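Remarks on the overall topology
For reference, the chains in residue letters:
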Amino acid sequence: MIRIDIGKDFSQVTGGRRRDSGAHSAEAFRDDLLVPALLRGGQVVVDITGPSYSMAWLEEVFGSLQDLGFTREDLSVRLRIEAGGDYRYTAEAIRRYILRSDPVISDSIISRTE
Amino acid sequence: MWEDKAFLGGLLASLLGGALSGAILLAFTNTVLSRIGLRSGDLTARIDDLCRDIERYADIGVLVWSAPAVELGAEGIRLRSTLYGLQRRIELWLDLLDRESWLFRFDAGDDLIALFEAVTGGGFPEPDRAADPARCQDIQRRAAGLVVAIRRSRRNLLHGLF
């Protein structure tokens, strides 16, 4: 089992989606920490306690994993999100991004901003 | 004569005992009721604080999304930081209320996540983000719905007495 504590192993602050938007980007966390851990096989536990997140950052990290070749079934078995009760709704949003279920905001608004 | 004295003594003791028991019961009831009332008032104040935070979160979200990121400059950094903090505080408040009071049961998590998505989703942290008037409207609509959902999460006791 590999454990990634975002606050300790990455940063207490989070930045934009892509590396070119500055430090602490979602792309940097995903490609440097999360994806290598998933590629090693076994369970990956991500502790989200500590930092504050934009939903854009979370979506970029967890919502793009299926595009990178990981299946929904594989992720639902091997990727576990760990959080205290005070991150309950953040964790729930992450689970939705991972499984890509029930988008909570209309697609028209998302596509308009992209 | 002796029997009369014993009877009166017994009567007096019964009266004193009854009065004492009544006083203790009354004091206990008053304490319980005032504690419930105090906790109830405290809960109302906390819910008011949470709703104010949500309204402020929505207002600042609209400020951010009503202008392109490049136009906001340093002010944009301040506003985005405030939004990160408010988003965290809203989640902390909800967890605290849910855990500490059996008079508060929040079941509108979807609405909360949708508001978070509307404010800090999309291109929110990007330096080249464009303004999005439709999103501004969406933010205020979702915030209004969430405030009502939170106020509805407050349960009343004894037909609104507490």
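Counting of residues starts from 1 at the beginning of each chain's written sequence and follows it residue by residue. Each chain gets a letter, beginning with A, and each ligand a number, beginning with 1, in the order they are written. Under the rules for a predicted model, residues below a pLDDT of 70 receive no local features and side-chain atom pairs below 80 are neither given nor counted, while totals for whole chains, interfaces and linings still include all residues.

Residue and element names in this part refer to chain A. Despite not being glycine, H24 shows a phi value in the positive range, around 60 degrees. Positionally, H24 belongs in the loop between α1 (6-10) and α2 (26-39). Neighbour density around each residue's C-beta defines its exposure: 20 or more other C-beta atoms within 10 Å make it buried, 12 or fewer make it exposed, and counts between make it partly exposed, where C-beta atoms are placed from the backbone. A count of 18 C-beta atoms within 10 Å places H24 in the partly exposed class. Helix and strand definitions follow DSSP, with helices as H or I runs of at least four residues and strands as E runs of at least two, each counted in order from the N terminus.

This part takes up the sheet that holds strand β3 (residues 79-82) of chain A. Residues and elements named next belong to chain A. We treat two strands as partners when DSSP finds at least two bridges between them. Here three strands make up an open sheet; going across it, the order is β1-β2-β3 and the pairing parallel. Sheet topology places β1 (2-5) and β3 at the edges, where each strand pairs with a single neighbour. Neighbour-to-neighbour, the strand axes of the sheet open up by a mean angle of 20 degrees, direction not taken into account. Taken together, the four bridges between strand β2 (residues 44-47) and β3 define a ladder with parallel strand orientation. Whenever a helix is involved, its axis is fitted only over the stretch in contact; in every case the axis is a line through C-alpha atoms, and angles between N-to-C directions fall within 0 to 180 degrees.

A few words now on the nonpolar core. A set of buried Ala, Val, Leu, Ile, Met, Phe, Trp, Tyr and Cys residues, joined through C-beta atoms within 7 Å, is what we mean by a nonpolar core. Core analysis: the biggest nonpolar cluster contains 48 residues, and L58(A), A93(A) and L115(B) have the highest contact counts within it. Residue assignment for this core shows that the elements contributing at least two residues are α2, β2, α3 (55-62) and α5 (88-99) of chain A together with α1 (2-65), α2 (69-100), α3 (109-120) and α4 (133-152) of chain B. Each residue gets a C-beta atom placed from its backbone, and two residues are in contact if those atoms lie within 7 Å. Those residues within four positions of L58(A) in sequence are excluded, and the remaining contacts are Y53(A), A93(A), I94(A) and Y97(A).

It is worth spelling out the confidence of the model for chain B at this point. You can read pLDDT as the predictor saying how much it trusts each residue, on a scale of 0 to 100. Of the residues in chain B, 90% have a pLDDT of 70 or more, and the chain-wide mean is 88. Of the two predicted TM-score estimates for the complex, the pTM is 0.81 and the ipTM is 0.86.

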